[in-house]
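Per-entry structural report
If you want the building blocks of each chain, they are given just below.
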Amino acid sequence: MIKPFEKPITAARPALPSLEEFQIGLEGIWDRAWLTNNGPLVEQFRSNLMEFCGAKNISLFVNGTLALQIALQGMGITGDVITTPYTFVATTHTLFWNKIRPVFVDIEPEYYSLDPAQVEAAITPWTSAILAVHVYGQPCRLRELEQIARKYGLKLLYDAAHAFGVEVDGTSIAQFGDLSMFSFHATKIFHSIEGGMLTFRDPEYRRLFDYLKNFGFEGETEVVMPGTNAKMNEFQALMGLLLLRRMDEMMEARRAINERYRERLALIPGIQLVSQPADTVRYNYAYMPIEVDEKEFGQTRDQLYMNLREYNVLARRYFYPLVPDYACYRGLVASGNLPVARRVASCILTLPIYNDLALDDVDRICDIIEHIQSGTGRGAVAVNYSRQTDSELILPVAQS
Ligand code: T4K
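Presented here is an overview of the structure given in this document. (Residues numbered from 1 in each chain as written. Predicted model: local features only at pLDDT ≥ 70, side-chain atom pairs only at ≥ 80, totals over all residues. Heavy atoms only, no water.)

Before going further, it helps to spend a moment on the overall build of the chain. Scanning the chain from terminus to terminus reveals 13 helices and 17 strands. Scaling as 2.2 N^0.38, a compact globule of 400 residues should have a C-alpha radius of gyration of about 21 Å, and the chain matches this with 22 Å. Each of the three principal axes of the chain carries a C-alpha extent, and together these read 70 × 55 × 40 Å. Taking as baseline every contact in the chain between residues at least 6 positions apart, the subset at least 24 positions apart corresponds to 72%. Summing over all exposed atoms, the chain offers an accessible surface of approximately 17900 Å²; the carbon and sulfur share of this is 52%. The averaged location of the 48 negative side-chain charges in the chain is 3 Å from the averaged location of its 38 positive side-chain charges. (Helix = DSSP H or I, 4+ residues; strand = E, 2+ residues; numbered from the N terminus. Rg over C-alpha atoms; globule rule 2.2 N^0.38 Å. Contact = heavy atoms within 4.5 Å. Areas by Shrake-Rupley, 256 points an atom, 1.4 Å probe, with all protein chains shown as cover. Lys, Arg positive; Asp, Glu negative; His and termini not counted. Charge placed at Lys NZ, Arg CZ, Asp CG, Glu CD.)

Shown next, in the form of structure tokens:
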């Protein structure tokens, strides 16, 4: 009999610096009484990030969603944008807020990013850009997307919300495409409580993004465009500065966790692991996705998800449902039936992974999954939970 965890093991858990270090940083903020509006810590953070990513053009924001929303506006993108249905809904929201029509095309089955062949087939005279997502931090098909974008004169943007720290052939993922957006939300591998970063090829964008995130102000008495307020503050920058120093250590901790999961899960019937990153990729191990094969495993993904909750293991179904299946996006243009994205959304489960998740706890999570698979696990839930969101779920009573 395996006991449930005493405290919930959540899918993500933020890394934190020591309280003492943070307090020292806070004292500086108190002394300066400068809290936001491009303060010295934000400037320092920007400069350290430029070095970390080897990118010349960087702009910081209060969160990733507003960063991408402003990027689309600043770059003047209009009309149709080809994008993925398999993402967090914020990707699509940024298009909607710019009155751009998302055109969803299917993903490839290996790393779940936009399938370049589908992208090319969906291009029309109205297409202005491609917005791809490095899902779980695994790089998209960079070269093929670049070639398509060049051939048709399209802008290429990456939602790199999951991909901070990733490198391809020794080059930061921040340097691909016309622009990339990174999320520094607390649930990410690296964070600044909330936060967002844009990296971009054209240095001219910097001025535009600076206007747009600060009400469009030029000096004290002129407003040159109707901007919004999306500035990063000093507290966010302090958190980011302290954690950036620990990036290598954090990636290594996650690599070890990922490796242990892989060793153990490979032996469980019906659990399929996502392909290992290519040799050319320095991966950040941002998420721990698995596919559940209902026939082989003996339960659906949703049953496993529910049964894990009874053991206090709060896995998540990132990304289910698909974006075009949300009420607010039903009826939008999709190119075909999106069979790969639909299959993946129906069987994906992201297991807990965070820097200080103990390897013993990883073993226990795997023991629980094994136990559930062998048919003796708690619950043996047969209810159809498929249309419920995580927050709507009412847990069934455990049957021991
Ligand atoms: N594009 C993509 C592809 C994205 O994945 C995201 C965000 C964005 C764009 C937008 O970037 P931001 O505007 O957020 O910078 C979470 C995050 O809020 C969101 O940032 C993230 N993607 C998405 C995939 O996940 P929820 O609603 O699932 O988070 P929540 O509150 O349920 O937290 C997840 C787990 O983390 C919980 O089990 C508990 C734990 N947790 C969470 C927080 C906030 C903690 O332990 N401590 C915390 O402070 O959206």
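Further remarks concern the pairing of strand E2 (residues 58-61). Of the two faces of E2, the one lined by Ile 58 and Leu 60 and the one lined by Ser 59 and Phe 61 are each fully buried. Sheet analysis places E2 next to strand E10 (residues 196-200), joined by 4 bridges and oriented antiparallel. When the sheet's bridge partners are listed, Ser 59 is paired in E10 with Leu 198. (Buried < 20%, exposed > 50% of the residue type's maximum accessible area, 1.4 Å probe, protein only. Pairing = 2+ DSSP bridges.)

On to the packing of helix H3 (residues 64-74) against helix H4 (residues 90-97). The interhelical angle for the contact between H3 and H4, taken along N-to-C directions, is 40°, at an axis separation of 9 Å. It follows from the interaxial angle that H3 and H4 lie oblique. For the element pair H3 and H4, the recorded crossing hand is right-handed. When H3 is examined against H4, the residues Thr 65, Leu 68, Gln 69 and Leu 72 are found in contact with a partner set consisting of Ala 90, Thr 94, Leu 95 and Trp 97. (Axes fitted to C-alpha atoms, helices over the stretch in contact; angles between N-to-C directions. Parallel < 35°, antiparallel > 145°, perpendicular 65-115°, else oblique. Left-handed = near helix turned anticlockwise from the far one by under 90°.)

This brings us to the environment of Asp 115. Residue position: Asp 115 is located in the loop between strand E4 (101-104) and helix H5 (116-121). When the C-alpha positions of Asp 115 and Thr 84 are compared, they lie 9.0 Å apart, and in sequence the two are 31 residues distant. Setting aside its immediate chain neighbours within four residues, Asp 115 contacts Asp 106, Ile 107 and Glu 108. Engagement of the side chain of Asp 115 in a polar contact is seen with the backbone nitrogen of Ala 117, the distance being 3.0 Å. (Polar contact = N/O pair within 3.5 Å; in protein donor to acceptor, adjacent residues only side chain to side chain.)

Moving on: the site of the ligand. Taken together, 25 residues are adjacent to the ligand, and Thr 65, Asp 159, Ser 183, Arg 316 and Tyr 318 come closest. A distance of 2.5 Å separates an oxygen atom of the ligand from a polar side-chain atom of Thr 65. In the complex, 74% of the free accessible area of the ligand, which totals 920 Å², lies under the protein chains. Taken together, the elements giving at least two residues each to the shell around the ligand come down to H3, H4 and strand E9 (179-183). Residues of the shell around the ligand, tallied by class, amount to 10 nonpolar, 11 polar and 4 charged. (Near = heavy atom within 4 Å. Nonpolar A, V, L, I, M, F, W, Y, C, P; charged D, E, K, R; others polar.)

Turning next to the sheet that holds strand E7 (residues 167-168). Judged by pairing direction, the sheet is antiparallel, and its 3 strands sit side by side in the order E8-E7-E14 without closing on themselves. Each of the sheet's edge strands pairs with one partner strand only, and the pair in question is strand E8 (171-172) and strand E14 (281-282). Examined bridge by bridge, E7 and E14 share 2 bridges and lie antiparallel to one another. Along E14, the bridge assignment pairs Glu 167 with Arg 282.

Time to look at the packing of aromatic side chains. The way to describe two aromatic rings as a pair is by their centre distance and the angle between their planes. Taken as a whole and assessed by the stated rule, the structure comprises 22 aromatic pairs. For the ring pair Phe 164 and Phe 184, a centre distance of 5.3 Å and an interplane angle of 80° mean the geometry is edge-to-face. On the criterion of sequence distance, the pair formed by Phe 164 in the loop between strand E6 (155-159) and E7 and Phe 184 in the loop between E9 and E10 is long-range, its members being 20 residues apart. For the pair shown, Phe 164 and Phe 184 are each scored as buried. Through a chain of ring-to-ring contacts, three or more aromatic side chains come together here, namely Phe 45, Phe 52, Phe 164, Phe 182, Phe 184 and Phe 190. Above the face of the Phe 61 ring, Lys 213 is positioned so that its terminal group lies 4.8 Å from the ring centre. Note that Arg 301 overlies the ring of Tyr 320, its terminal NZ or CZ placed 4.7 Å from the centroid. (Phe/Tyr/Trp six-rings, centres within 6.5 Å; stacked < 30°, edge-to-face > 60°. Lys NZ or Arg CZ within 6 Å of the ring centre and 35° of its normal.)

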